[in-house]
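Tertiary structure, described
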Amino acid sequence: MKSYFDYVLIIIGYVFAMVIMLGFGKNVDGLYVSLDIPIIVSLFYLSRRRLWFSVLLTLGSLFIFLMVSDSIRAQINHYDLIALLGMIIGTGMIGYGILKRGTELRQSLERAVSSEIEAFIDSVSTQSASKYDHLTGLYNHITYQEYLTALTEQHATYDMPLQLAALDIDNFKSINDRFGHHVGDTILQETALLLKSSISSEDIAARYGGEEFVLLLTGKTMEESSDLLERIRERLASTDFPQLAGQRVTISIGLAEYSKELGKSALFKLADGYLYDAKRAGKNRVVSPLQKGDRADEKIIYCS
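Presented here is a report on the structure given in the accompanying data block. Since we're looking at a predicted model, the values are computed, not measured.

About the thresholds
Residues numbered from 1 in each chain as written. Predicted model: local features only at pLDDT ≥ 70, side-chain atom pairs only at ≥ 80, totals over all residues. Heavy atoms only, no water. Helix = DSSP H or I, 4+ residues; strand = E, 2+ residues; numbered from the N terminus. Expected span 1.5 Å × (residues − 1). Polar contact = N/O pair within 3.5 Å; in protein donor to acceptor, adjacent residues only side chain to side chain. Buried < 20%, exposed > 50% of the residue type's maximum accessible area, 1.4 Å probe, protein only. Phe/Tyr/Trp six-rings, centres within 6.5 Å; stacked < 30°, edge-to-face > 60°. Axes fitted to C-alpha atoms, helices over the stretch in contact; angles between N-to-C directions. Parallel < 35°, antiparallel > 145°, perpendicular 65-115°, else oblique. Left-handed = near helix turned anticlockwise from the far one by under 90°. Contact = heavy atoms within 4.5 Å. Nonpolar A, V, L, I, M, F, W, Y, C, P; charged D, E, K, R; others polar.

1. Things to note about unusual backbone geometry
One non-glycine residue with positive phi stands out, namely Asp159, at about 55°. Summarising the element assignment, Asp159 is placed in the loop between helix H6 (141-158) and strand E1 (162-169). Its identity is not glycine, yet Asn284 carries a phi of approximately 50°, on the positive side. Checked against the element boundaries, Asn284 lands in the loop between helix H10 (264-280) and strand E5 (285-289).

Structure follows, in structure tokens:
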């Protein structure tokens, strides 16, 4: 029924027209115009096949009724028959013109929609390309700054915990010099995958530049963020890179917590300072303060 439902409705429209003619044609002149009903019904489907089906159905059935029904022949004289045939064929031609114009408009609309979709995809692709680092797939420096601004505003409104971690791959220049930049790129990509797989959907990972990365960690205490970074450090240190002939890749990390008094620029400088503390202390470690914003105080130091 789903496949032929349109044709069933057209036939029902024709039956309805014949009932009108047979039931009221003797008392009311001109009711044969009701034979346009199935043709009009077919136009709603915007289908030439259904239109011609309704025209042929109406013409064929009309001739059959004229041959077998005295009542129909009594209602329609020769002039009425000519007018009736002209009406059916004319309505069909008008319907064909409507469908042709409708098809042109639909095709024009489809082209316009297709162009709009292509423009939207291009816009999304351009916007996406401008947000991400092409090598690692992490957010780039500009996007990191945008998220940092948004998250510090959330901190000011909701007092949401926010920490910034600065991460730097140890001895990366020597890896490039010894094994080549293509191997260095592989190390950067694998490190980026490790970072993305380790953080939650509420955290942000970005490539700050070169071999340095940043993480924006939200909704965690300093101890929880420190533990997370230590797990990242251990996972990278235990990862085997066949291209490095047994040499391990390690990372140094500095962690600082944001406060309203600190500000965004000072936050990064603080985390970056802890990162260099980790480098000076022997690398492959996490350095973070026990007390907010006071580097002179005792630090939590994780190392292998």
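2. Side note on H6
End to end, H6 covers 25 Å across 18 residues, agreeing with the expected 26 Å (1.5 Å per residue, within 8%). N-cap assignment for H6: the residue whose side-chain oxygen lies 3.3 Å from the backbone N of Ile142 is Asn140. Just downstream of H6, Asp159 is the residue with a positive phi angle, here 55°.

3. Let's talk about helix H9 (residues 222-237)
Helix length check: H9 (16 residues) gives 22 Å between terminal C-alpha atoms against 22 Å at 1.5 Å per residue, within 8%. Burial in H9 covers these residues: Met222, Ser225, Ser226, Leu228, Leu229, Glu230, Ile232, Arg233 and Leu236.

4. What to know about the packing of aromatic side chains
Within the structure shown, the criterion is met by five aromatic pairs. Ring geometry for Tyr144 against Tyr208: centres 5.9 Å apart, planes inclined by 70°, an arrangement best described as edge-to-face. You can see Tyr144 sitting in helix H6 and its partner Tyr208 sitting in strand E2 (residues 204-209), a full 64 residues away along the chain. Centre to centre, the rings of Tyr208 and Phe268 are 4.5 Å apart; their planes meet at 15°, and the pair counts as stacked. With a gap of 60 residues between them, Tyr208 in strand E2 and Phe268 in helix H10 connect regions that are remote in the sequence. Residue classification places Tyr208 among the partly exposed positions, given a relative accessible area of 24%. Residue Phe268 is classed as buried on the basis of its relative accessible area, which comes to 15%. Taken together, the ring pairs connect Tyr132, Tyr139 and Tyr147 into an aromatic cluster.

5. As for the packing of H6 against H10
Each pair of packed helices can be described by the angle between their axes along with the distance between the axes. At a minimum axis distance of 11 Å, the contact between H6 and H10 shows a crossing angle of 115°. Compared by their axis directions, H6 and H10 come out roughly perpendicular. Every pair of crossing elements has a handedness; the one defined by H6 and H10 is right-handed. Every residue of H10 that contacts H6 at Tyr144, Leu148, Thr149 and Thr152 is listed here: Lys264, Leu267 and Phe268. Residues of the contact of H6 with H10, tallied by class, amount to four nonpolar, two polar and one charged.

The analysis is restricted to geometry; functional conclusions fall outside its scope.
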